[in-house]
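Coordinates in review
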Amino acid sequence: MARPAASTQGALPESVMGAILRDAALCALVALGLCLPLIAYRMDPGPGSDLVLVPRWGLVAILCAITFGVRLGQRLLLLRRDARRALTPAPAQATEAVGGEPDAGQKVSKIGLKLFVAVALSLPVLATLATGDLGSARYWIDLGILILTYVMLGWGLNIVVGLAGLLDLGYVAFYAVGAYSYALLSTTFGLSFWVCLPLAGLFAGLWGMLLGFPVLRLRGDYLAIVTLAFGEIIRLVLINWTDVTGGAAGVSSIPRATFFGIPFTADEDGFAARFGLEFDSMHRVVFLYYLILVLALITNLVTLRLRRLPIGRAWEALREDEIACRSLGIDTTATKLTAFALGAAFGGIAGSFFAVRQGFISPESFTFLESAIILAIVVLGGMGSQFGVAIAAVAMVAGPEMLRNLGGLKAVFGEGFDPNEYRLLLFGLAMVAMMVWRPRGLISVRMPSVTLGERKAISGAHVSEGHG
Amino acid sequence: MAAPVLTVDHLTMRFGGLTAIADLSFEARRGDITALIGPNGAGKTTVFNCITGFYKPTEGMLTLTHEDGSEHLLERLPNHQVNRTARVARTFQNIRLFPGMTVLENLLVAQHKTLMRASGYTVLGLLGFKGFRDAQAAAVEKAKGWLTRIDLLARADEPAGSLPYGAQRRLEIARAMCTDPVLLCLDEPAAGLNPRESLELNALLRHIRDHEGTSVLLIEHDMSVVMEISDHIVVLDYGKKIADGTPEEIRTNPSVIAAYLGVEDEEVEAVEAEVGLSLPHEGHPA
Ligand SMILES: Nc1ncnc2c1ncn2[C@@H]1O[C@H](COP(=O)(O)OP(=O)(O)OP(=O)(O)O)[C@@H](O)[C@H]1O
Ligand SMILES: [Mg+2]
């Protein structure tokens, strides 16, 4: 839709105002059309066994009026913004300043990751201080564990999507492979968690390779669809292969994590007794918290290191231009496979952590929605940016959690209002808002892997996002 | 006469019903700059794509001979092996840099094979072995050498996508050279360059031929470049070779002039006189 440029600051020209009004009216008309089948009539059980139609034209009128008003306001705001933009050149039009000041995003991403790690390290202490005692800090530490699991998954998927530019919609499959690896190995063979952890990574990585061989010839949308299907296939196998996986009932009584062999129990062999502490069930929770923190940090460290090695550079080159890569003698299939397998391996390790923490897993936990959330974390964070992904994970996981605490809104919207039900709606809104304001994610700059002079970020405008 | 570095034997490439190259044979000699010219759509880029493994030829044989006498049948090699083992590098008609990576990173990606080996296929590199760090330092030195030559050292840390067009062309050539090729295939390197940049390009290509031990195969429409620096010219029209010889021979070859100007053109004779200076420019398709 071409927006007429407003030349005058104050009064709008007649024609522009007319166009805007017409546009708003059109929107209201569309809203009316949508409301007709959806809202205009409600079916209520009548006096007998029959149903009666209750017309709700008042509600429809209100909704249409709201649509009209919002659209009008939006157009007017945009008009004013465009007028302002016309006076000052857009940053994209100006040529990039060579020695320019680092922008906010760049400054943040420099110290951001360190800050994030510092906060994560001290969270159990902070939570204990804030809530009074360790027991009541449990909610916050549990939330921290959940967030860090997604941070790790986000960082794992970031290797595949952010660095190598391969759109993977079935990442949760590897999470599931890791979780079931630990669950089955420990319940049937009695292997300990510390043996299973690397094994889970290995299995998931192998599955990544197995899937990768046929699939990585595909590009873009095709790759996305096949990985999506793969994710679903794994879930269906888990549901239907009842003899091994326990089917929809899942695997329960998975052995708990031990402190490198010492169980967190109250008897004298337990962790508390061995270390001369008073038994507290919170020890295990805090241990799990630091375990996932360490696992996530390892993922991050490996990724950061790999970025500076030839393989990492080849991944990024692949994202930028696959054909050029091949002309330079890079085996693109092998390079994609390594990215895919490594991302899968980290997903698998996160999965086995999930299993040990829950003590119970079922295919329910590995639906497409999980894949979508992890992918959203990577995309929202800014593809390739480690700190951006961490922040996005916090927002995506803690945000909906915070909704639970908004019980006060019941006073406004009535007793039946449950903010948690609006989770997906808010999720969608946040996505749309991000696509409008920061289409390249929160942190959209890229740090070069090697420099001659000072390390300076590269604006996202130059960086490709990969074609699969 | 020097031995051929590339021998093209009865090369035919068909796309469905369209024969883009029909039974083409020619040789590029070691230490020469061989130019491949022809009107738009003659099939020049298709020849490159066959040589560099992007297309599998319908028929024919492409042989690359190294200095030690080893022969590589290019049409049988997987795409990336053409660069890796046969050591043929190329540039693209529409520049294909890694725009979001820095100029320096672009040149390091080109040294992937060497660096990958030095990093012990990532394992040793991940552990921070000294051997890898040395290899990386050497790779950076080599990149710096090329950046000095193409006059981009000062912009080494800027994204390749932010460079002006001419600099991007030069960088793409340097990147191809960083793979240590035996044969360098350049697809219209002078397209979009101003006259001064064209002259610099000539000097760069001469340096590559004379001092790097790399033979050059060149597609070019800009006759000032072609006539100036090529040792040998092959002319294509509608996928067929219509002439093959030194710049002098090509300049005066009537079928070349006809192909470029169209036989029915009445002004052929008038233009023919000028041809010694420059053939008409055919434009630069993307
Ligand atoms: N992948 C393809 N599929 C179908 N036809 C193709 C393909 N590649 C090239 N062609 C056809 O082959 C013919 C030769 O094209 P080519 O690109 O080799 O010409 P060119 O000599 O490089 O021309 P230009 O000077 O315009 O770059 C054209 O008719 C083109 O349409
Ligand atoms: Mg061409």
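The structure presented is a predicted model; accordingly, all values stated were derived computationally and were not measured.

So, on to the overall build of chain B. Each helix and strand in chain B was counted, giving 12 helices and 10 strands. Here the analysis covers contacts within chain B between residues at least 6 apart in sequence; of these, 66% occur between residues at least 24 apart. By element, 53% of the accessible surface of chain B is carried by carbon and sulfur atoms, the whole surface being about 11800 Å².

To continue, consider the interface of chain A and chain B. Contact with chain A, which involves 34 residues of that partner, is made by 40 residues of chain B. At the boundary of chain A with chain B, total buried surface from both sides reaches about 3200 Å², with 68% on carbon and sulfur atoms. Looking at the side of chain A facing chain B, the largest losses of area belong to R313, L328 and L452 of chain A, adding up to 21% of the total buried there. On inspection of chain A and its partner chain B, the count reaches 1 salt bridge. With its nearest N and O atoms 2.9 Å apart, the salt bridge here joins R96 of chain B to D321 of chain A. Here chain A is connected to chain B by 7 residue pairs in polar contact (both at pLDDT 80 or more). Taken together, the elements giving at least two residues each to the side of chain A that touches chain B come down to α10 (282-307), α11 (310-320) and α12 (322-327) of chain A. Broken down by element, the side of chain A that touches chain B gets its largest block of residues, 7 residues, from α11 of chain A. Tallied by class, residues from the side of chain A that touches chain B come to 17 nonpolar, 7 polar and 10 charged.

Angles at a metal have ideal values that depend on geometry: 109.5 degrees with four tetrahedral donors, 90 or 180 degrees with six octahedral donors. Residue and element names in this part refer to chain B. T45 (OG1) and Q93 (OE1) make up the full set of protein donors to the magnesium ion (ligand 2), lying at 1.8 to 2.1 Å. Note that T45 is positioned in helix α1 (residues 44-51) and Q93 in the loop between β6 (88-90) and α3 (103-109), a separation of 48 residues in sequence. The exposure class of T45 is partly exposed, given its relative accessible area of 25%.

On to the pairing of strand β9 (residues 232-237) of chain B, then. Residues and elements named next belong to chain B. Counted residue by residue, β9 has 6 buried out of 6 residues, so it is predominantly covered. Residue alternation in β9 divides its side chains into two sets, H232, V234 and L236 and I233, V235 and D237, and both sets are buried. As paired strands, strand β3 (residues 33-37) and β9 are joined by 4 bridges and run parallel to one another. Looking at the pairing, T34 lines up with H232 of β9.

Now for the nonpolar core. Note that soluble globular proteins tend to have their nonpolar side chains buried in a common cluster. If you look at the biggest cluster of nonpolar residues, it comprises 164 residues, and the most contacted ones within it are I361 of chain A together with I37, L171 and I208 of chain B. A total of 15 residues in this core trace back to one element, the largest contributor, which is helix α4 (residues 138-163) of chain A. In contact with L171 of chain B, other than residues within four places in its own chain, are L97, V103, N106, L107, L147, I150, L152, A160 and L163 of chain B. Counting residues in hydrophobic clusters, the runner-up holds 30 residues, among them V5, L11, L24 and V47 of chain B.

Residue and element names in this part refer to chain B. Taken together, 15 residues are adjacent to ligand 1, and G41, K44, T45, T46 and Q93 come closest. The side chain of T46 places a nitrogen or oxygen atom 2.5 Å from an oxygen atom of ligand 1. Against a free-state accessible area of 630 Å², the protein chains account for coverage of 66% of ligand 1. Where the shell around ligand 1 is concerned, the elements lending two or more residues are β2 (18-29) and α1.

The next subject is the domain arrangement of chain B. All names here are of chain B. Examined at the domain level, chain B breaks down into domain 1 (1-87 + 183-252) and domain 2 (97-179). Centre-to-centre, using C-alpha coordinates, domain 1 lies 26 Å away from domain 2. Between domain 1 and domain 2, the residue contacts involve 18 residues of the former and 13 residues of the latter. Of all residues in domain 1, the largest losses of buried area upon contact with domain 2 belong to R84, L204 and H207, amounting jointly to 34% of the total for that side. In this structure, the connection of domain 1 to domain 2 is made through 0 salt bridges. Where domain 1 meets domain 2, there are 4 residue pairs in polar contact (both at pLDDT 80 or more). Listed by contribution, the elements that provide at least two residues to the side of domain 1 that touches domain 2 are α2 (79-84), β7 (183-187) and α8 (195-211).

Before going further, it helps to examine the pairing of β3 of chain B. Residues and elements named next belong to chain B. With 5 of its 5 residues buried, β3 lies for the most part within the structure. Side chains I33, A35 and I37 of β3 all project onto a buried face; the interleaved residues T34 and L36 project onto the opposite face, where all are buried too. Where β3 meets strand β8 (residues 215-219), 4 bridges bridge the pair, whose relative direction is parallel. Considered in β8, the bridge of L36 is made with I219.

Basis of the calculations
- Residues numbered from 1 in each chain as written.
- Chains lettered and ligands numbered in written order.
- Predicted model: local features only at pLDDT ≥ 70, side-chain atom pairs only at ≥ 80, totals over all residues.
- Heavy atoms only, no water.
- Helix = DSSP H or I, 4+ residues; strand = E, 2+ residues; numbered from the N terminus.
- Contact = heavy atoms within 4.5 Å.
- Areas by Shrake-Rupley, 256 points an atom, 1.4 Å probe, with all protein chains shown as cover.
- Buried area = accessible area lost by both parts, 1.4 Å probe.
- Salt bridge = Lys/Arg side-chain N within 4 Å of Asp/Glu carboxyl O.
- Polar contact = N/O pair within 3.5 Å; in protein donor to acceptor, adjacent residues only side chain to side chain.
- Nonpolar A, V, L, I, M, F, W, Y, C, P; charged D, E, K, R; others polar.
- Donors = N, O, S within 2.8 Å, 3.2 Å for Na, K, Ca; no water.
- Buried < 20%, exposed > 50% of the residue type's maximum accessible area, 1.4 Å probe, protein only.
- Pairing = 2+ DSSP bridges.
- Core = buried A, V, L, I, M, F, W, Y, C linked by side-chain atoms within 4.5 Å.
- Near = heavy atom within 4 Å.
- Domains from an automatic or database assignment.

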